[in-house]
Amino acid sequence: MTNVAVLGPVRKDTQVELSRSDCIALGVKAPLRESGDVAGSGQIRIEGPCGAIDIPQGVIVAHKHIHVPTEMAEKLELHDKQRVSEAITERPVVFKDVIIRVSDNFRFRMHVDFDEANGADISGFTLGKIIR
């Protein structure tokens, strides 16, 4: 794949997040996991202009989640690791089993992969509603 985004901050373990479609195209087996849970996950070779590295584990399909700043989580009575649904307004879709992630370092944003975004006709900023 070309034009791949590399994001920080640096983590203890290398993590590669792919959509299910990416996994099929690359021939990679990757479990659906919460970000950071890479033990026993898929493997991949990463090549770039300065060389290549084999990652023996760390490839996942990231579970959809919502980053919520601590102060907002308190106001909305949400807690870390809580499971909710999210109704998207663009093309009426309800995502179920969405994980709430709470931290002072977060901006209030939902993260879905490319396949999920396409299915809901999401491109860029889209409004949604948390459903308990």
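Residues numbered from 1 in each chain as written. Predicted model: local features only at pLDDT ≥ 70, side-chain atom pairs only at ≥ 80, totals over all residues. Heavy atoms only, no water.

## Here we look at the environment of Ala39
For clarity, the cut-off: Strands are runs of DSSP state E lasting at least two residues, helices are runs of H or I lasting at least four, and both sets are numbered from the N terminus onward. For the exposure calls, accessible area comes from a 1.4 Å probe over protein chains only, and a residue counts as buried if that area is under 20% of its type's maximum, exposed if over 50%, partly exposed in between. By definition in these notes, contact holds between two residues if any of their heavy atoms fall within 4.5 Å.
Inspection of the secondary structure puts Ala39 in the loop between β2 (32–33) and β3 (42–48). Judged by relative accessible area, Ala39 falls into the exposed class, the value being 52%. Other than its neighbours up to four places away in sequence, Ala39 contacts Arg33 and Gln57.

## Observations regarding the nonpolar core
Worth spelling out the cut-off: The criterion is simple. A nonpolar core is a set of buried Ala, Val, Leu, Ile, Met, Phe, Trp, Tyr and Cys residues joined through side-chain atoms within 4.5 Å.
Counting residues in hydrophobic clusters, the biggest one holds twelve residues: Ile66, Val68, Ala73, Leu78, Val84, Ile88, Phe95, Val98, Ile100, Ala117, Ala120 and Ile122. When residues of this core are assigned to their parent elements, the largest contribution, three residues, is made by strand β7 (residues 93–102). Beyond its immediate chain neighbours, meaning those up to four positions away, Ala73 contacts Val68, Leu78 and Val102. Leu18, Ala30, Ile44 and Val61 belong to the second largest nonpolar core, which has nine residues in total.

## Re the pairing of β7
If a strand is regular, its side chains alternate between the two faces of the sheet. Stated precisely, the cut-off is as follows: In this scheme, strands are said to pair when DSSP sees at least two bridges between them.
In this sheet, β7 lies alongside strand β5 (residues 65–68) in parallel orientation, the contact comprising four bridges. Opposite Val68, over in β7, you have Val102 as the bridge partner. With five bridges connecting them, strand β6 (residues 83–88) and β7 associate as antiparallel partners. Residue Ile88 lies in a different strand from β7, and its bridge partner there is Val93. Hairpin connection between β6 and β7: a loop of four residues separates the two successive antiparallel strands.

## A word on the side chain of His67
Short version of the rule: Under this definition, polar contacts are N or O atom pairs within 3.5 Å; protein pairs additionally need one hydrogen-donor-capable and one acceptor-capable atom, and for neighbouring residues in sequence, both atoms have to be side-chain atoms.
With respect to the secondary-structure elements, His67 resides in strand β5. Residue classification places His67 among the buried positions, given a relative accessible area of 15%. A distance of 3.3 Å separates the side chain of His67 from the side chain of His65, its partner in a polar contact. Setting aside chain neighbours within four positions, we find His67 in contact with Arg101, Phe106, Arg107, Phe108, Arg109 and His111.

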